[in-house]
Amino acid sequence: MSNEFRELLKHVGSGSHTSRALTRAEAAAATRMMLTQTATPAQIGAFMIAHRIKRPTAEELAGTLDAYAALGPTLPAIAPDSAYSRRALVLSCPYDGRSRTAPVTPVTALVLLAAGIPVVLHGGDRMPTKEGIPLIELWRQLGVDLSPHSLEQAHTLLNRTGLGFVYLPQHFPAAHGLVPYRDQIGKRPPFATVELMWSPYAGPHTLVMGFVHPPTEEFAKGTFGLRGQTDWISVKGLEGSCDLARGRTAIVGVSHQGCFERLLLHPRDYGFEGDDVELGDEASLGDRLLDVLAGQPSALQKTALWNAGFYLWQGGAAASLEAGLAQAEELLVTGKALAQLETLRQQAALLSQTLTYSHS
């Protein structure tokens, strides 16, 4: 049993009158002991639920991110001579996926790649508490298996295609090892908030974090301030993802070089108002996204255009949201985004073959 961890557990789990927040250094130490499982299973489970009840502070979240930075993977910056020379967007979506609404994140990424904006994603397999469809499965449905690649191969793919994917089981097994605890406690621990604020990319980038509850955005302001993250975007997205809704006003926060601006974007003002598309049959989702990439009109295509246009604007490829929406339509209708998918399929398969040969 870790006596050091037990003392930290006492601080967060002593009740409303005697518990106290951890310092940044203490939170980093506690996270390291959980990731390395120096703490016992009982201690880890107790800490997760006690910390959730207490609610984390910005200092504690910064400390946890410090531990992620020290122990977790980091994709190196994209090569200067890459065709994807613009500042990257890191899209941080909840790891427990989507269970009610149809995601368009892969289409957004492919449109951005077609405009020369690199995209970094991260996540794992099906995860509690929602057990919704994760990003890794969405890409598989589109014919791209990103799960076998080493971190070095993920970086090669980033240089060749503009897409980087950090896959927890392969690249951060220490964090993946904590997933069963999330299942057993039956509630999202503060790690679920940290994942939205984590950026596993070393190059210049803007981090985009989806969120559901307004306090999460406030935590982010404090946490990013402590860690010197000046460029980030918060999106009150569909099921906490980075996907903007069409059925309600998009509530967005944009921090550029530390200056925060609130955006309230009304889909009806741009001709995009409509119901958010239900997830429906998961098995057919890939085909529906391929229809969008083929330029076929649908409610899901309108969701994809709304999102891709927004991110083209925020990624610096378009001077306004209107220009971004027009550019997104052009990249989809002309097949340029679909061409990015074909390149991604070829390069991902090539890297997987190389991995197979090296093991044979």
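That block above? That's the structure.
Note that the structure is predicted; figures quoted are calculated from it, not measured.

Some remarks on the nonpolar core
Piece 1. Judged by nonpolar contacts, the single largest core of 110 residues is most densely connected at V111, W139, L163 and Y311.
Piece 2. Among the elements that make up this core, the one with the highest residue count is helix 14 (residues 299-314) (eight residues).
Piece 3. Once residues within four sequence positions are removed from consideration, Y311 is found in contact with L89, L91, T108, L112, I117, V208, V235, C242 and L244.

A short note on the layout of surface pockets
Piece 1. Volume-wise, the largest pocket comes out at about 720 Å³.
Piece 2. In terms of lining residues, the largest pocket is bounded by 31 residues, among which R188, T193, V212, H213 and T216 are the most central.
Piece 3. If you tally residues by element for the lining of the largest pocket, the top one is helix 11 (residues 191-197), at four residues.
Piece 4. Per-class residue counts for the lining of the largest pocket are 13 nonpolar, eight polar and 10 charged.
Piece 5. For the second largest pocket, the calculated volume is near 270 Å³.
Piece 6. Sorting the residues of the lining of the second largest pocket by element identifies strand 5 (232-235), strand 6 (250-256), strand 7 (259-265) and helix 14 as the ones contributing at least two each.
Piece 7. For the lining of the second largest pocket, the class distribution of residues is seven nonpolar, five polar and three charged.

About the criteria used
Residues numbered from 1 in each chain as written. Predicted model: local features only at pLDDT ≥ 70, side-chain atom pairs only at ≥ 80, totals over all residues. Heavy atoms only, no water. Core = buried A, V, L, I, M, F, W, Y, C linked by side-chain atoms within 4.5 Å. Buried < 20%, exposed > 50% of the residue type's maximum accessible area, 1.4 Å probe, protein only. Helix = DSSP H or I, 4+ residues; strand = E, 2+ residues; numbered from the N terminus. Contact = heavy atoms within 4.5 Å. 1 Å grid on protein atoms, 1.4 Å probe; cavity = no way out; pocket = protein on both sides within 12 Å on 5 of 7 lines; lining within 4 Å. Points joined across faces, edges and corners; volume = space filled by probe spheres on them. Nonpolar A, V, L, I, M, F, W, Y, C, P; charged D, E, K, R; others polar.

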